[in-house]
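If you want the building blocks of each chain, they are given just below.
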Amino acid sequence: MSNPRAPSPAGRLAALGFGDTAAALRVLTEDIRLEVTGADAPVVEALAGAAEPGLALAGLARLEPDRALLTGLRADPDLRARLAAVLGTSTALSEHLRRHRGDWRLLTGPAAGLRPAAGQLTADLTAARSSDQLKLAYRRWLLRLAAADLTGAAPLGEVMTGLSDLAGAALEAAYRLARAALPAGAAPCRLAVIAMGKCGACELNYASDVDVIFVAEPAEPGGTGDEEAALRTATQLASGLIRICSDAGQEGSLFPVDPNLRPEGRNGPLVRTLASHLAYYQRWAKTWEFQALLKARPVAGDAGLGRAYADAVAPLVWTAAQREDFVPDVQAMRRRVVASLPAAQAGRELKLGPGGLRDIEFAVQLLQLVHGRADESLRDRATLPALDALARGGYVGRADAAALAEAYEFLRVVEHLLQLRQLRRTHQLPDDPAVLRQLGRAMRVMGYPIRPEDTSADPAQELTVTWRRHAATARQLHEKLFYRPLLEAVARLPGDVMRLTSEAAAARLEALGYADPAGALRHIAALTDGVSRKAAIQRALLPAMLGWFADAPRPDAGLLAFRQVSEALGNSPWYLRLLRDDTNVAWRMARLLASSRYAADLLLRAPEAVAMLGSEQLLRPADPAGLLSEGQALVRRNPGRDGAGGPPAAAAGLLALRRRELLRTAAADVLGLLEAEQAAAALSEVTAVTVAGALDLAATAADGQVTMAVIAMGRFGGQEVGYGSDADVLFVYEPAPGADEQAAARTAHATAEELRRLLGRPGPDPALRVDADLRPEGRQGPLVRTLGAYRAYYGRWAKPWEVQALLRASPVAGDGALGEAFAAMADEVRYPAGGLAEASVREVKRIKARMEAERMPRGVEPALHLKLGPGGLTDTEWVAQLIQLRHAWSVPELRTTRTLPALDAAAGAGLIAAADAAALRESWLLATRIRNAIMLATGRAADVVPAGHGELSATARVLGYPPDGAQDLVQDWRRTARRSRAVMERLFYG
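Residues numbered from 1 in each chain as written. Predicted model: local features only at pLDDT ≥ 70, side-chain atom pairs only at ≥ 80, totals over all residues. Heavy atoms only, no water.

Caption draft 1: Here's a closer look at the overall build of the protein. Per the secondary structure count, the protein includes 45 helices and 10 strands. What you see for the protein is a C-alpha radius of gyration of 41 Å, clearly larger than the 30 Å of a compact globule of 990 residues, by over 25%. Expressed along its principal axes, the backbone C-alpha trace of the protein runs to roughly 125 × 90 × 50 Å. Within the protein, the fraction of its 990 residues that count as buried is 55%. Within the structure as shown, the protein displays about 40500 Å² of accessible surface, and the carbon and sulfur contribution to it stands at 50%. (Helix = DSSP H or I, 4+ residues; strand = E, 2+ residues; numbered from the N terminus. Rg over C-alpha atoms; globule rule 2.2 N^0.38 Å. Buried < 20%, exposed > 50% of the residue type's maximum accessible area, 1.4 Å probe, protein only. Areas by Shrake-Rupley, 256 points an atom, 1.4 Å probe, with all protein chains shown as cover.)

Okay, here's the thing in structure tokens:
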């Protein structure tokens, strides 16, 4: 009794995925003689599981299956899967099975699911005695490979290798047939067939051209045979091989053989001797030809000659990157290919378009050719193994390599499925939803589920989405790797520098300017020895970095510091990835470490700060508001007096923040990203933040007894802080209402002392000396005063120089209202109505003259003293300050604590000539830059142009002078200072 709930045969076919169920039922039951259910159900289900069920069913019907085939399909699940997969994907192979009905037996048994050995293919194909026999044997093996591929039994790598081995065997068989067809009396010759492109790399497609190069010699190596006659025979032989492979016979053609990668392309002779090949490559070859030779592999003909060719061209391939403009040439060639594609075609090109296979292949090949000079592990012809080697060697990040490999496999599988349909060469993804659906279903059968968590999704839509995702990833990574600046830097290096362990390395290092080549080699060995990923990346980085160290004044110190930073950061993946992926970072680091002892010392205190070299934006001075907020947050996190935190911990955090900003400013300065005024402003800002935070910490013990403010003085007040500057300050306080005045004074004093102690403590980061010696009565006066005490002192006792010192006074920390009140009081003193009295003006001039005479250090040439010497900083500053003391009461623009704005205001008000202001500005800026450069280069503050050649040269290099420009710096300073001194004497002394 039948089950009333069981679906009808047509309903069952519809549920299985057949489209026209009525037609399918008719073909199944009448033409093939199968039932939908029962013993035949597995066969029907296998057909339904094909990429296109209707196509598979129609293909099986065209085979007119006999009893043996039907019995095999019912009994053998492997046969069912293989035959259904082939019939449902490839009309070309379906037609082959129709014409050769017994060939379905090739799909039975365990061996049908395996990639055949290359020797087995060669033995089978070379047994052919005619072109048609060869093509039939070739097509039969192609059928077996496709069946293993389409059922997921053979992974992509095995399929590509199998197709390449099959093509190689076919070339060998065609070679033998062509040799047998040579006319009697043909001159004897040796001919080797060199596979290029995808066949040479063992990554051939189903319907690729096979690129070859022919190399020939007379039959007797080194003999006296007629070379010209041998080449004529070899040309006949090569032409015959091409004809056998390319001409269509009863079984169609094998594949087009393309010999146009030979020297001179289609305009060159088809066959050359090995010597002729080498002469061409050594003298005339273009960059792309060496890139093509990367894939060269002997596959047919004279094996000995083929090996000789491969051995001879390999050194040319692996030194090609040293050619002038090699990297830009390869990059330009890829751009030309993309630009040549029609817009409509480029968007769906799996091979040549943006994000296509060529993007991946070109990126891998360029990395191989540049780094493979020194690292032989990279010398693999195939893309995926080469990409794996690049990842293992650290030349490509693991995640990037995995993403590229995934994209490559996806694109190649889609390309294979497209070509299998008609066995025609195509690389363009169609826009027909039916074809896309077939491709998506085929990928699922092969084990490449588009979206494994949702098997009900439309295969066409999901295939398109996945393709776009992989193409976008491939393009992004291509841009990242293919245009990596490190490639060009490494490519330009001589070969003996690439081989860091060569005997010539020490001599090369000495020639580059390393004072201790043996020591440099020890550092290199420590960085590069071993098989770790870190050592591999260092081996890739160091050749270029050694040159960059040598371009700076302290190459040995730079290399040592680089080793110390690298060892301190250990295996931190971000560090090496940062240097490898962005040559600008590696160059900046090399330049910094080999130019600036000061910056190197700061970096070694906290090596993780190397991350700020990642972009110019990160090297820009920090936003003042953000910096202040960061300092305040440090104080809030450690406000208490007890426990492991408290003021000492917070002060250490403030000094670490300051060290970071000192490094940021120093790095930008050395790298030419900051002007002198910008550097001074950045250094002044971080000094203010540090002092403000320390005052908050020190005031925690005051318990509200006093209100305090810190007044910046000197260069600090003028926002002209240098790398070696102290923080000149005054402390002002007010007792809290009702507080005992003596107790308040003691509290304020203790707070000021605590601030100085917190910032002056020895520790891992540079201490900040807070200097209060500019206070009234100097060191003999009280450290802190109330606002009233300051007003009383300045109103009654202040000397002219103390009034002059107040020109730089600027509130920077503590109570804002108290700071502003101090500034208002200072304005009354420094900008007196009617200007400074003439007696006081004479006193200022006298003090200046006395300072020049008495404070100049002994043994120093005055003309080279940057502060006190003729044309030095004080000349410009005292001119500006004297003008302020005399005229700021009536010219508000002069009321600034900064030197250069005061000069500009004086020139703008007509108080000095613009040319005079320019001369003073030029000398002040140059003196400031030289002082900063001395500190950056040597790590020590100094006010005198260095006398020693080493320090002078290092200082000049930091300032941007050429290696031999040390004396130019001296002459520039002398000339600038003389002009400034003449202006100063005229304006100041009158």
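Caption draft 2: Inspection of the pattern of salt bridges at higher detail. Applying the stated criterion across every chain, the model contains 53 salt bridges. The shortest N-O distance in the salt bridge between arginine 26 and aspartate 31 comes to 3.9 Å. According to the relative accessible area criterion, aspartate 31 is partly exposed, its value standing at 35%. The shortest N-O distance in the salt bridge between arginine 412 and glutamate 415 comes to 3.0 Å. One end of the pair is arginine 412 and the other is glutamate 415, both in helix α20 (residues 398–422) and three residues apart, which spans about a single turn. (Salt bridge = Lys/Arg side-chain N within 4 Å of Asp/Glu carboxyl O.)

Caption draft 3: Representation of the packing of helix α5 (residues 67–75) against helix α6 (residues 77–87). Running from N to C, α5 and α6 cross one another at 110°; their axes reach a closest spacing of 5 Å. With respect to α6, the element α5 is oriented roughly perpendicular. Each of Leu69, Gly72, Leu73, Arg74 and Ala75 in α5 lies in contact with α6, whose residues at this interface are Pro77, Leu79, Arg80 and Leu83. Grouping the constituent residues of the contact of α5 with α6 by class yields six nonpolar, one polar and two charged. (Axes fitted to C-alpha atoms, helices over the stretch in contact; angles between N-to-C directions. Parallel < 35°, antiparallel > 145°, perpendicular 65-115°, else oblique. Contact = heavy atoms within 4.5 Å. Nonpolar A, V, L, I, M, F, W, Y, C, P; charged D, E, K, R; others polar.)

Caption draft 4: Representation of the layout of surface pockets. When its volume is computed, the largest pocket comes out at roughly 1200 Å³. Looking at the largest pocket, it is lined by 37 residues, and the ones nearest its centre are Arg715, Asp728, Arg855, Lys867 and Thr874. Of all the secondary structure elements, the ones that give two or more residues to the lining of the largest pocket are α35 (714–717), α38 (800–806), α40 (838–854), α41 (873–887) and α43 (914–938). In terms of residue class, the lining of the largest pocket is made up of 14 nonpolar, 10 polar and 13 charged. Taken as a whole, the second largest pocket encloses approximately 740 Å³ of empty space. Within the lining of the second largest pocket, the residues separate by chemical class into eight nonpolar, six polar and 11 charged. (1 Å grid on protein atoms, 1.4 Å probe; cavity = no way out; pocket = protein on both sides within 12 Å on 5 of 7 lines; lining within 4 Å. Points joined across faces, edges and corners; volume = space filled by probe spheres on them.)

Caption draft 5: Fine view of empty space enclosed by the protein. Inspection of the entire model under this criterion finds five cavities of 30 Å³ or more. Looking at the largest cavity, its volume works out to about 80 Å³. Lining the largest cavity we find Ala676, Glu677, Ala680, Ala681, Gln719, Glu720, Arg898, Thr899, Leu900, Pro901 and Trp924. Secondary structure elements with two or more residues in the lining of the largest cavity: α34 (676–698) and α42 (899–908). Per-element accounting of the lining of the largest cavity gives the leading share, four residues, to α34. For the lining of the largest cavity, the class distribution of residues is six nonpolar, two polar and three charged.

Caption draft 6: Spotlight on the packing of helix α44 (residues 949–958) against helix α45 (residues 966–989). Remark: α44 packs on α45, axes separated minimally by 8 Å, with the N-to-C direction vectors making an angle of 75°. Relative to α45, the element α44 is oriented roughly perpendicular. In this structure, α44 contributes Leu952, Ser953, Thr955 and Ala956 to the contact, and α45 contributes Ala966, Gln967, Leu969 and Val970. Of the residues assigned to the contact of α44 with α45, the class counts are five nonpolar, three polar and no charged.

Caption draft 7: Quick look at unusual backbone geometry. A positive phi angle, close to 70°, is found at arginine 33, a residue other than glycine. Note that arginine 33 resides in the loop between α2 (21–31) and α3 (41–48). The phi dihedral of cysteine 202 falls on the positive side, at around 60°, and the residue is not glycine. With respect to the helices, strands and loops of the structure, cysteine 202 is situated in the loop between α11 (197–200) and β2 (210–218).

Caption draft 8: Structural detail: the pairing of strand β6 (residues 706–712). Most of β6 sits inside the fold, with six of its seven residues counted as buried. Where β6 lies against strand β7 (residues 727–735), seven bridges are found, and the strand directions are antiparallel. In the strand pairing of β7, alanine 709 is matched with valine 732. (Pairing = 2+ DSSP bridges.)

Caption draft 9: Local environment of the side chain of serine 90. Structurally, serine 90 is set in the loop between α6 and α7 (91–99). Its relative accessible area of 0% is what places serine 90 among the buried residues. At 3.0 Å, the side chain of serine 90 forms a polar contact with the backbone nitrogen of leucine 93. A polar atom in the side chain of serine 90 sits 2.5 Å from the backbone oxygen of leucine 420. (Polar contact = N/O pair within 3.5 Å; in protein donor to acceptor, adjacent residues only side chain to side chain.)

Caption draft 10: Quick look at the side chain of lysine 135. Here lysine 135 lies in helix α9 (residues 131–150). Lacking a salt bridge, the buried lysine 135 has aspartate 132 as its closest oppositely charged neighbour, with an N-O distance of 5.0 Å. A polar side-chain atom of lysine 135 sits 2.4 Å from the main-chain carbonyl oxygen of aspartate 247. With residues up to four places along the chain from it excluded, the contact list for lysine 135 reads Ile244, Asp247, Ala248, Gly249, Glu251, Gly252, Ser253 and Leu254. (Lys, Arg positive; Asp, Glu negative; His and termini not counted.)

Caption draft 11: Spatial organisation of the nonpolar core. With 165 residues, the main nonpolar core has Phe562, Phe731, Leu755 and Phe822 as its most contacted residues. Element by element, the count of residues in this core is highest for α43, at 13 residues. Each residue touching phenylalanine 731, except ones within four places of it in the same chain, is listed here: Met708, Ala709, Val710, Ala752, Leu755, Arg756, Val770, Ala772, Leu783, Val784, Arg785 and Tyr790. Among the nonpolar cores identified, the runner-up in size contains 130 residues, and Val36, Ala173, Leu367 and Leu429 belong to it. (Core = buried A, V, L, I, M, F, W, Y, C linked by side-chain atoms within 4.5 Å.)

Caption draft 12: Layout of the packing of aromatic side chains. Following the criterion strictly, the structure yields 11 aromatic pairs and no others. Between the aromatic rings of tryptophan 878 and phenylalanine 988, the centroid separation amounts to 6.3 Å while the plane-to-plane angle is 70°, which identifies the pairing as edge-to-face. Remark: phenylalanine 988 occurs in helix α45 and tryptophan 878 occurs in helix α41; sequence separation between them is 110 residues. Given the relative accessible area of 11%, tryptophan 878 is considered buried. For the cation-ring pair, arginine 785 lies above tyrosine 793, with the distance from its terminal atom to the ring centre recorded as 5.3 Å. (Phe/Tyr/Trp six-rings, centres within 6.5 Å; stacked < 30°, edge-to-face > 60°. Lys NZ or Arg CZ within 6 Å of the ring centre and 35° of its normal.)

Caption draft 13: Highlighting the environment of leucine 654. Mapped onto the elements of the fold, leucine 654 is located in helix α33 (residues 646–670). In this structure the C-alpha to C-alpha distance between leucine 654 and isoleucine 213, which are 441 residues apart in sequence, comes to 69 Å. Excluding residues within four positions of it along the chain, leucine 654 makes contact with Gly631, Leu634, Val635, Val689, Thr690, Gly693, Ala694 and Leu697.

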